[in-house]
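Here are the chains, one letter per residue:
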Amino acid sequence: MEEQKLEAVEVKCPKCGYTMIIYMPKEEIPKCPKCGTQMVISELLDEGKYY
Ligand SMILES: [Zn+2]
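Definitions and cut-offs
- Residues numbered from 1 in each chain as written.
- Predicted model: local features only at pLDDT ≥ 70, side-chain atom pairs only at ≥ 80, totals over all residues.
- Heavy atoms only, no water.
- Helix = DSSP H or I, 4+ residues; strand = E, 2+ residues; numbered from the N terminus.
- Buried < 20%, exposed > 50% of the residue type's maximum accessible area, 1.4 Å probe, protein only.
- Pairing = 2+ DSSP bridges.
- Axes fitted to C-alpha atoms, helices over the stretch in contact; angles between N-to-C directions.
- Donors = N, O, S within 2.8 Å, 3.2 Å for Na, K, Ca; no water.
- Tetrahedral: all angles 85-135°; square planar, octahedral: opposite > 155°, others 65-115°.

This next bit is on the environment of leucine 6. Here leucine 6 lies in the segment before strand 1 (7-12). Residue leucine 6 is classed as partly exposed on the basis of its relative accessible area, which comes to 34%. Between the C-alpha atom of leucine 6 and that of methionine 24, which follows or precedes it by 18 residues, the distance is 5.5 Å.

Written out as structure tokens, the structure reads:
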């Protein structure tokens, strides 16, 4: 069995600032539900933060 490692990623709408958490690679970066703009990765939550 293959274990898929999910990574929590914060994505943000560059236009209106709406943010949400998605899990990659299971989910793709969505479009903003408010204004329809393609959202961008704002922050990786699992990696590179706590050492
Ligand atoms: Zn937006």
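Attention now goes to the sheet that holds strand 1. The strand order 2-1-3 describes an open sheet built from three strands, whose pairing is antiparallel. Two strands close off the open sheet at either side, each with one partner strand: strand 2 (19-24) and strand 3 (40-44). Neighbour to neighbour, the strand axes of the sheet diverge by 40° on average, direction disregarded. Here strand 1 pairs with strand 2 via six bridges, running antiparallel. Residue pairing across strands places alanine 8 opposite tyrosine 23, the latter belonging to strand 2.

As a further point, take the coordination of the zinc ion. Coordination sphere of the zinc ion, protein contribution only: Cys13 (SG), Cys16 (SG), Cys32 (SG) and Cys35 (SG), at 2.3 to 2.4 Å. Geometry at the zinc ion is tetrahedral, judged from the four donor atoms that bind it and their angles of 103 to 125° at the metal.

Honestly, it's all geometry; don't read function into it.
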